[in-house]
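Understanding the architecture of this molecule
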Amino acid sequence: MNIHERTNTPRRRQAAKNAVRSGDGYAQSPEAARASAKRPASATRLLTGLTGLVAAVAAIVALKRLDLPLHEKTLLTIFCTAAAMIVVDFVAYRTWTNPSAGMALRAANAWSVERIVSKLVGFWATIGAVAVAYSIFPEYHGGFYAEPLAAARLMLPWLLLASPFYIAYVDRRQAEPEDIYAELGRFLTARGPLPRRELLGQHARAWLVKGFFLPLMFAYLATGLHDVWAVDVTKLWGNFGALYEASYDAIFLIDLLFAVVGYLFTFRLLDTHIRSAEPTVAGWVVCLICYQPFWSIIGSNYLQYEQDKFYWGGLTAGHPVIYVAWGSLILAASAIYAVSTVAFGLRFSNLTHRGIITSGPYRWTKHPAYFFKCLSFWLISIPFLSNQGIEAALAQSALLILGNAIYVARAYTEEKHLSRDPVYREYQQFIREHGAVARLVKLVKPALR
């Protein structure tokens, strides 16, 4: 299993219920029903992600022979990928003019040195709190996090230099300049009360997401880039096994790269800021147990569905046509999973709402990444064909089903969270009526009559 597999982040497709969901606090209005034939506009276009993908591939190829420390090459790859998408979003799609960005086209507020300084205090106090957490928890003291730590030290002076200018620029154009950073800064300098509880909770959850996932994904990305750069491509041709391994690693490297870009580039100026973070304990639990260090406990002790170590390669050995076809099917499923992340552009993030994505694979189903990643797990591990007998096969299959159930729960909690946005409710209705499953039912149903 490759690096990203060990983070165990498969996603699944959840078929939406057609009944009115009164428990979610909303009902389908006649107007919404009439409008359901039209797919809601996506927060970002697929072109943005595809442009980033081209830039990512170009950067990876160009940096292969560059003699720089790994964390610097990783940062360059990240920034090249992000820069291409920023240009498309900022210039072509003018995302900074989106109502959701909360930015005026011209200066909307008078200069307020007091508010800008308060925001700077609030921002750097938040960064300081995250740094203290890293210094306290032993998890972050080992060599695994050496690359993200080196990258953070390199970028810190640049962040110090840029933050006053960015905060001042946004403050002048922000529709609601009195945000959580201003309130937090005033409280910390004894010039204001404790920030509003709702804003403070939202702020803490958003930074907990970033603080947990960014170093983890950066560490995996740096290792993945190192491994990809070490591949001798001249040895791949004519050897499907080697080509499969290299392609599989490259696919998940792209997924990791876009995840890191998403966690790093959360800017209101780009309309990629966090609107809300997962508000329920259940949502956090079912998400975090899928990642290290939690997955090493849950997966190894309770959901180890690969006990026989019998994989698809062993099953198809000696049958070249089946071997190539089966491996290609795994790569196709994994590629759709990665493209589902690419479709987020600059906005990927677990446990947060940063705009509703309705383009790319999300045009056809709400959870393409979940579905195809889980499918690839079954194709790779083939727990139902254990070489240790029927009992082992049944046990392993049951364990993988339980593992899939975690992602069913993730999909459910995510939908509960996103359903607070009316755009997502419109998207749900569109998928119910015009998604891949709905279209398949419309094709099959007449034949069954």
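In case you missed it, the structure is sitting above this.
Here is a short report on the structure shown in this document. Because the structure is a prediction, the values reported are computed rather than measured.

Definitions and cut-offs
Throughout this description, residue numbers start from 1 for each chain and increase along the sequence as written. Under the rules for a predicted model, residues below a pLDDT of 70 receive no local features and side-chain atom pairs below 80 are neither given nor counted, while totals for whole chains, interfaces and linings still include all residues. Side-chain calculation: all heavy atoms of the structure are included, whereas hydrogens and water are not. Numbering of helices and strands runs from the N terminus; a helix is a DSSP stretch of H or I covering at least four residues, while a strand is a stretch of E covering at least two. Between the two quantities, the radius of gyration covers C-alpha atoms and the globule rule is 2.2 Å times the number of residues to the power 0.38. Throughout, exposure labels follow a simple rule: accessible area from a 1.4 Å probe, protein chains only, divided by the maximum for the residue type, with under 20% read as buried, over 50% as exposed, and the rest as partly exposed. It only takes one pair of heavy atoms within 4.5 Å for two residues to be counted as in contact. The method behind every accessible area is Shrake-Rupley, applied with a 1.4 Å probe, and residues are considered shielded solely by the protein chains displayed. Lys and Arg are tallied as positive, Asp and Glu as negative. Neither His nor the chain termini are counted. Charged side chains are reduced to one point each, which is NZ for Lys, CZ for Arg, CG for Asp and CD for Glu.

**Points about the overall build of the protein**
Counting secondary structure elements, the protein contains 17 helices and two strands. For the protein, whose C-alpha radius of gyration is 23 Å, the value lies close to the compact-globule estimate of 22 Å for 449 residues. For the protein, the spread of C-alpha atoms along the principal axes amounts to about 75 × 60 × 40 Å. For the protein, the proportion of its 449 residues judged to be buried stands at 47%. Long-range pairs, those at least 24 residues apart, make up 83% of the contacts in the protein with a sequence separation of at least 6. Total accessible area on the protein stands at roughly 21900 Å², and carbon and sulfur atoms take up 68% of it. Seen as two clouds, the 44 positive and the 30 negative side-chain charges of the protein have centres 7 Å apart.

**Concerning unusual backbone geometry**
The phi torsion of most residues other than glycine is negative, and most of the peptide bonds are trans. Between Gln 292 and the following residue, Pro 293, the backbone shows a cis peptide bond with an omega angle of 5 degrees. Note on placement: Pro 293 falls in the loop between α10 (281-288) and α11 (294-301). Of note in the backbone geometry, Asp 271 takes a positive phi value of approximately 60 degrees without being a glycine. By secondary structure assignment, the location of Asp 271 is in the loop between α9 (240-264) and β1 (276-277).

**Description of the environment of Gly 52**
Turning to its location among the elements, Gly 52 is positioned in helix α3 (residues 46-63). Separated by 41 residues in the primary sequence, Gly 52 and Tyr 93 have C-alpha atoms spaced 15 Å apart. Apart from residues lying up to four places away in sequence, Gly 52 is in contact with Thr 81, Ala 84, Met 85 and Phe 258.

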